[in-house]
Every structure is written in C-alpha cells, then in structure tokens.
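Descriptive structure summary
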Amino acid sequence: MTYKVWEKTLWKYLSPLPKEEREAAVEYYREIYEDKTEAGELPESVLAKFGAPKDCAEKLLVENGKSLPSMSSVNANSVASIIGMFFLTVLIVIPLSAAAISIVAAFASVAVVGAATTLAGAIFTVASPVSAISGASFGAILAQMGMGVAACGVGILLAIAFTFITRYSFIYLMKGTLAIYKRRKDA
Amino acid sequence: MDAQLKKGLLEICVLTAIQKEESYGYKIIADLAPCIKISESTLYPILRRLESGGMVETRTEIYNGRARKYFRITPLGKEKIAEFIEGMEEFEKISDFIVKGGNL
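Below: a short report on this structure. (Residues numbered from 1 in each chain as written. Chains lettered and ligands numbered in written order. Predicted model: local features only at pLDDT ≥ 70, side-chain atom pairs only at ≥ 80, totals over all residues. Heavy atoms only, no water.)

Tallied over the entire structure, the rule returns 20 salt bridges over all chains. In this structure, E34 of chain A engages R66 of chain B in a salt bridge whose closest nitrogen and oxygen atoms are separated by 3.7 Å. One end of the pair, E34 of chain A, is in helix α2 (residues 19-38); the other, R66 of chain B, is in strand β2 (residues 66-73), on a second chain. Across the pair R66 of chain B and D35 of chain A runs a salt bridge whose closest N-O atoms are separated by 2.8 Å. With one member in each of two chains, R66 of chain B in strand β2 and D35 of chain A in helix α2 form a pair that bridges those chains. A relative accessible area of 4% places D35 of chain A in the buried class. Bridged by salt links that share partners, the residues E34, D35 and E38 of chain A together with R66 and R68 of chain B form one connected network. (Salt bridge = Lys/Arg side-chain N within 4 Å of Asp/Glu carboxyl O. Helix = DSSP H or I, 4+ residues; strand = E, 2+ residues; numbered from the N terminus. Buried < 20%, exposed > 50% of the residue type's maximum accessible area, 1.4 Å probe, protein only.)

Next comes the structure, spelled out in structure tokens:
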C-alpha cells in the first residue's frame, strides 16, 4: 500500500467527523510520515508502524464519541462520487473536449488550405505564360503570374503560421488533458 | 500497566515533553521513546484532547516547503503537571502500601 492509498482510506473512515477534524488528522499523519521518511525510514516501515488506517480512524472516532462508518456507507460515498463523475464527464468534459479538438482540427485545416493555396498559386504562376497561346497580352500574363505569386505567398504564410498554431494547440491540449487525468488519479 | 492508568500518564508525559520548548509530533514521540513507547495513533488523540482542554496551543510553520504543526504548553498545562507531581506523593504512599502487601 502506498501512503496516498493509506491516507485516502483513512479519509474515508474518518467520514463521521467534521471536515476540519478530518483534515487535521490527515495532516498530522502526513507530517509524521514526511518527517520519518526524511529521517531515512522506509515508507513501508512507517506505514506498518502507523497500523491500519481503519484502526487509526477508530481511535480518533472513539475520542469524538463516534464509531466507524459501515463499509456500505463508505462504498455508498464512492458510488455517489462515481455517478457524479459520470454526469460531469457527459455534460461538461465530452463537449469541451469535442470543442477543443474541433478548434485544433480547424487550425490544421487552415494550414492545409494554406498549402493548397501555395500549390495552386505555383501552378497558376507556371501556367500563366500558356495564356499567350490564347492571345492574352503580356500585361495580362504578368498580372496572372503576379496573382499566382501572391497566392503562393499567402498560402505559405497561412501554412507555416497555422502549422505552428496547430502544433502548439495540440501540445497544450495534450498537456492539459494529462494534467487533469493525473490530478483525478491522485485524488 | 493498567490501560486507564497509562492513559492518564501519557497525557502528563506529552505535556512534560513540550514543557521546556514547543515541539512537533515526530519529535514528541522520539523524546518520549526512552521513557514510554507511544504510537502515532495514540499520540494524536492525546494532543487533540490536550488542545481542546486548553492545556496545549498549536501553530503551523513552513518547514522544508511543507507545513509542520508545533504544540506549545499553556499555563493550564503546566498546572496539570504540578497537580500530578503533588498527587505523586500520595501515589507513592499507596504504591508502597501495595508493594509491601499492606504492611507500611
């Protein structure tokens, strides 16, 4: 058992106590755990000396004139928490995630459009002199080539800018998701 | 040792451990170790009882980037120790009576 699991179990068993009392108890054990491990004691040894979280909780509850909660009430709290998480996920997390992914996809699309515009501009520029066959004036050919070059320029700018934006949006989206996942796991 | 007797003694031991200077959980247990073994789960309710009884005050300080709670004896706590010492004289007489099988 890790300390986090031990502490989480203690927290559950202390549920009959007011929140402040629970927090004070958990902080007390956390402080001693950190002092002992800092002094070189092995985490497993410290937890063995603490004893079972249920027994530690019982001593404190008896002092406060209370008794250990039944496992069903401890489990009921867990079930309520799971149901709450389910609705939170369905109503908030999934829509927000979909929105975030859509935004990143939109950025990526603009980058692709930029690449396509660059390609189109290049083709237009290269193919412009062919207009001379149909009798277009030199000025018209120059204008077409100019438009082609402009399209290339705009396309390159869009492609480069939105490739960076897409890349960093994706990176931060992933980092944010991992941070939230890790926080939920630790909780 | 009788559980009730030990319970009363432990409170006085804890007060004595913090009489000279304020202390914290880990140090209190370490300081008491040569005299009496006390577990973390036993110490905490004692500290809470002493605090709610006004015999101990607490403050929190940051140590190495984490919070540490210090316990300090109050005048009421010192009175409790003094009362215990006074009571020890009577206790010694009773103890003597018991040990000598009723013959003083």
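Here the focus is helix α1 (residues 3-13) of chain A. Among the residues of α1 of chain A, those classed as buried are Y3, W6, E7, L10 and Y13 of chain A. Buried residues along α1 of chain A cover an arc of 125 degrees about the axis, so they all sit on one side. (Arc of directions from axis to C-beta.)

Here we take up the nonpolar core. Judged by nonpolar contacts, the single largest core of 40 residues is most densely connected at F50 of chain A together with V14 of chain B. Mapped onto this core, the elements with two or more residues apiece are α1, α2, α3 (43-50) and α4 (53-63) of chain A together with α1 (3-17), α2 (25-32), α3 (40-52) and β2 of chain B. At 7 residues, α2 of chain A tops the list of elements feeding residues into this core. Once you skip the residues sitting within four places of it in the chain, F50 of chain A turns out to touch Y3, W6, Y29, I32, Y33 and C56 of chain A together with E40 and S41 of chain B. (Core = buried A, V, L, I, M, F, W, Y, C linked by side-chain atoms within 4.5 Å. Contact = heavy atoms within 4.5 Å.)

Bringing the pairing of strand β1 (residues 56-63) of chain B into the picture now. All names here are of chain B. Bridge analysis of β1 against β2 gives 8 bridges, and the strand direction is antiparallel. Bridge pairing in β2 places T58 opposite F71. With antiparallel pairing between neighbouring strands as the criterion, β1 and β2 make up a hairpin whose turn holds 2 residues, including N64 at a positive phi of roughly 50 degrees. (Pairing = 2+ DSSP bridges.)

Okay, the side chain of E7 of chain A next. Within the secondary structure, E7 of chain A sits in helix α1. Leaving out residues up to four positions away in the same chain, E7 of chain A has contacts with V26 and R30 of chain A.

Two descriptors summarise a pair of aromatic rings, namely the distance from one centre to the other and the angle between the planes of the rings. The full count for this structure, using the stated rule, is 10 aromatic pairs over all chains. When the ring of Y29 of chain A is compared with that of F50 of chain A, the centres are 5.2 Å apart and the planes differ by 75 degrees; the resulting orientation is edge-to-face. Of the two residues, Y29 of chain A is situated in helix α2 and F50 of chain A in helix α3; the sequence distance between them amounts to 21 residues. Since its relative accessible area comes to 3%, F50 of chain A is described here as buried. An aromatic cluster is present here, built from Y3, W6, Y28, Y29, Y33 and F50 of chain A together with Y44 of chain B joined pairwise through their rings. For the cation-ring pair, R167 of chain A lies above Y168 of chain A, with the distance from its terminal atom to the ring centre recorded as 5.2 Å. (Phe/Tyr/Trp six-rings, centres within 6.5 Å; stacked < 30°, edge-to-face > 60°. Lys NZ or Arg CZ within 6 Å of the ring centre and 35° of its normal.)

Residue and element names in this part refer to chain B. Although it is not a glycine, N64 sits at a positive phi angle of roughly 50 degrees. In this structure, N64 sits in the loop between β1 and β2. Residue class for N64 comes out exposed when judged on its relative accessible area of 56%.

With 18 residues of chain A at the interface, the matching set in chain B holds 21 residues. With both sides pooled, the region where chain A packs onto chain B buries about 1700 Å², and carbon together with sulfur makes up 50% of that total. Applying the counting criterion to the chain A and chain B interface returns 7 salt bridges. Taken together, the connections running from chain A to chain B amount to 12 residue pairs in polar contact (both at pLDDT 80 or more). In terms of residue count, the dominant contributor to the side of chain A that touches chain B is α2 of chain A (11 residues). (Buried area = accessible area lost by both parts, 1.4 Å probe. Polar contact = N/O pair within 3.5 Å; in protein donor to acceptor, adjacent residues only side chain to side chain.)

To continue, consider the environment of A57 of chain A. All names here are of chain A. Structurally, the position occupied by A57 is in helix α4. Sequence-wise, A57 and W11 are 46 residues apart; in three dimensions their C-alpha atoms are separated by 8.3 Å. With residues near it in sequence (within four places) discarded, A57 still touches L10, Y13, L14 and L68.

All names here are of chain B. Scanning the entire structure with this criterion turns up 0 disulfides over all chains. Summary of cysteine pairing: C13 is not part of a disulfide, and the nearest cysteine sulfur, belonging to C35, is at 4.5 Å. Overall, the relative accessible area of 60% leaves C35 in the exposed class. (Disulfide = S-S within 2.5 Å.)

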